[in-house]
Amino acid sequence: MKLFIVADIEGVAGVARPEQCRPGNPEYELARALMEGEVNAAIEGAIDSGATRIVVADSHASMSNLRADHIHPFAELVHGKPRRFSMAEGLADDEFDAIAFIGLHAPAGVAGVLAHTINGRAFHRVELNGELVGETDLYAAYACECGVPLVLVSGDDRLAAWGEERHPQALRVVVKQMQATWSARSLSPQASRERIRQAMRDALAGGRGEPQPRFFAPYRLKLVATQPVLADAFSMLPGVERLDAQSIGFTSNTVGETIALLGAASLLAGSLI
Ligand SMILES: [Zn+2]
């Protein structure tokens, strides 16, 4: 059984403030350790269930949050950026049996602790085939394209509510309750890790599931930028059409290309804001 883990930081227990997610702050050093703790709990749960290969993709900001010597030695680590398939780089390189999301968060446009989609400063809203989507939706769709079922999603209560109808087959672990966008009531790190480890055991106990696609080709992306100048820049990317002052559209036959386009737009935004 081969497992792929996507690891983010905003949905980790004990993390609720933006400075906890930004390198250079003392609070970030604690937050990355909390992230490592939840990732290791997921790895341990998968090992308990007989996993033969585990790959973890560090997926927050610089994508270099997880310290290699802090991660369970059984797992391989994908880190650094830019990378074409971003949070799921490496997923297509082997026949994975399952994918799990640890530390994820609600989408931009939905209430949730530190809710955003890919780039909170640049992306106001992301839609796929007319539906508001967040990172869990985009990467679950990409996983389907790779033939890999989503089995577990961990984050706040709002992400769990968001996933209830969108990823009904995946177990949902709630490690904190939203109090406000930058405020949460969290489980202790120990309790969140125990929950994640147990949920991972449960998620993998039933054997290999089937991917359950929610979106079908052609994939029509609508990206609403936070500022018109960003839409100006995004329109320079090949295949992108300008929809209005702040929005661009992109149509593709693969989710992978959509993800690559979003990654390129996010990088481009970094040169302007
Ligand atoms: Zn993040």
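Residues numbered from 1 in each chain as written. Predicted model: local features only at pLDDT ≥ 70, side-chain atom pairs only at ≥ 80, totals over all residues. Heavy atoms only, no water.

## Examining the overall build of the protein chain
Of the regular secondary structure elements, the protein chain holds 6 helices and 12 strands. Since a compact globule built from 273 residues should have a radius of gyration of about 19 Å, the 17 Å found for the protein chain is in line with a globular shape. Taken across its 273 residues, the protein chain has 53% of its residues classed as buried. Long-range contacts, defined as pairs at least 24 residues apart, comprise 67% of the intrachain contacts of the protein chain with a sequence gap of at least 6. Element-wise, carbon and sulfur atoms account for 50% of the exposed surface of the protein chain, whose accessible area totals about 11,000 Å². (Helix = DSSP H or I, 4+ residues; strand = E, 2+ residues; numbered from the N terminus. Rg over C-alpha atoms; globule rule 2.2 N^0.38 Å. Buried < 20%, exposed > 50% of the residue type's maximum accessible area, 1.4 Å probe, protein only. Contact = heavy atoms within 4.5 Å. Areas by Shrake-Rupley, 256 points an atom, 1.4 Å probe, with all protein chains shown as cover.)

## Section: the packing of helix 1 (residues 26–48) against helix 4 (residues 189–205)
Running from amino to carboxyl end, helix 1 crosses helix 4 at an angle of 30°, the nearest separation of the two axes being 7 Å. Comparing the axis directions of helix 1 and helix 4 gives the class roughly parallel. The way helix 1 lies across helix 4 gives a crossing that is right-handed. Of the residues in helix 4, those in contact with Ala33, Leu34, Gly37, Glu38, Ala41, Ala42, Glu44, Gly45, Ala46 and Asp48 of helix 1 are Pro189, Ser192, Arg193, Ile196, Arg197, Met200, Arg201 and Leu204. Broken down by class, the residue content of the contact of helix 1 with helix 4 amounts to 9 nonpolar, 3 polar and 6 charged. (Axes fitted to C-alpha atoms, helices over the stretch in contact; angles between N-to-C directions. Parallel < 35°, antiparallel > 145°, perpendicular 65-115°, else oblique. Left-handed = near helix turned anticlockwise from the far one by under 90°. Nonpolar A, V, L, I, M, F, W, Y, C, P; charged D, E, K, R; others polar.)

## A word on the coordination of the zinc ion
Expected angles at a metal are 109.5 degrees for tetrahedral coordination by four donors and either 90 or 180 degrees for octahedral coordination by six donors. For the zinc ion, the full set of protein donor atoms is Asp8 (OD), Glu10 (OE), Glu10 (OE) and His60 (ND1), and the range of their distances to it is 2.1 to 2.7 Å. Coordination at the zinc ion is irregular: its 4 donor atoms span angles of 53 to 133° at the metal. Mapping the donors of the zinc ion onto the primary sequence gives the spacing D-x1-E-x49-H. Given a relative accessible area of 6%, Glu10 falls into the buried group. (Donors = N, O, S within 2.8 Å, 3.2 Å for Na, K, Ca; no water. Tetrahedral: all angles 85-135°; square planar, octahedral: opposite > 155°, others 65-115°.)

## A short note on the pairing of strand 9 (residues 183–186)
Pairing of strand 8 (residues 171–180) with strand 9 involves 4 bridges; the strand directions are antiparallel. Directly across from Ala180, in strand 9, lies its bridge partner Ser183. Where strand 8 folds back on strand 9, the antiparallel hairpin that results is connected by 2 residues. (Pairing = 2+ DSSP bridges.)

## Some points on the sheet that holds strand 11 (residues 241–244)
Taken together, the 5 strands give an open sheet; going across it, the order is 6-5-10-12-11, and neighbouring strands pair in antiparallel fashion. Bordering the open sheet on either side are strand 6 (131–132) and strand 11, each of which pairs with just one other strand. Across 3 bridges, the pairing between strand 11 and strand 12 (residues 247–252) is antiparallel. Across the sheet, Asp244 pairs through a bridge with Ser247, a residue of strand 12.

## Section: the nonpolar core
Among the nonpolar cores identified, the biggest contains 48 residues, and Leu91, Ile99, Phe101 and Phe234 are the most heavily contacted of them. If near-sequence neighbours (up to four positions away) are discounted, Phe101 is found in contact with Val6, Thr136, Tyr139, Ala140, Leu150, Leu152, Val153 and Ser154. Residues Ile9, Val12, Ala16 and Leu34 belong to the second largest nonpolar core, which totals 39 residues. (Core = buried A, V, L, I, M, F, W, Y, C linked by side-chain atoms within 4.5 Å.)

## Points about the environment of Asn40
Assignment of secondary structure puts Asn40 in helix 1. Its relative accessible area of 15% is what places Asn40 among the buried residues. Separated by 156 residues in the primary sequence, Asn40 and Ile196 place their C-alpha atoms 9.4 Å from one another. In contact with Asn40, other than residues within four places in its own chain, are His70, Ile71 and His72. A polar side-chain atom of Asn40 sits 2.8 Å from the main-chain carbonyl oxygen of His70. (Polar contact = N/O pair within 3.5 Å; in protein donor to acceptor, adjacent residues only side chain to side chain.)

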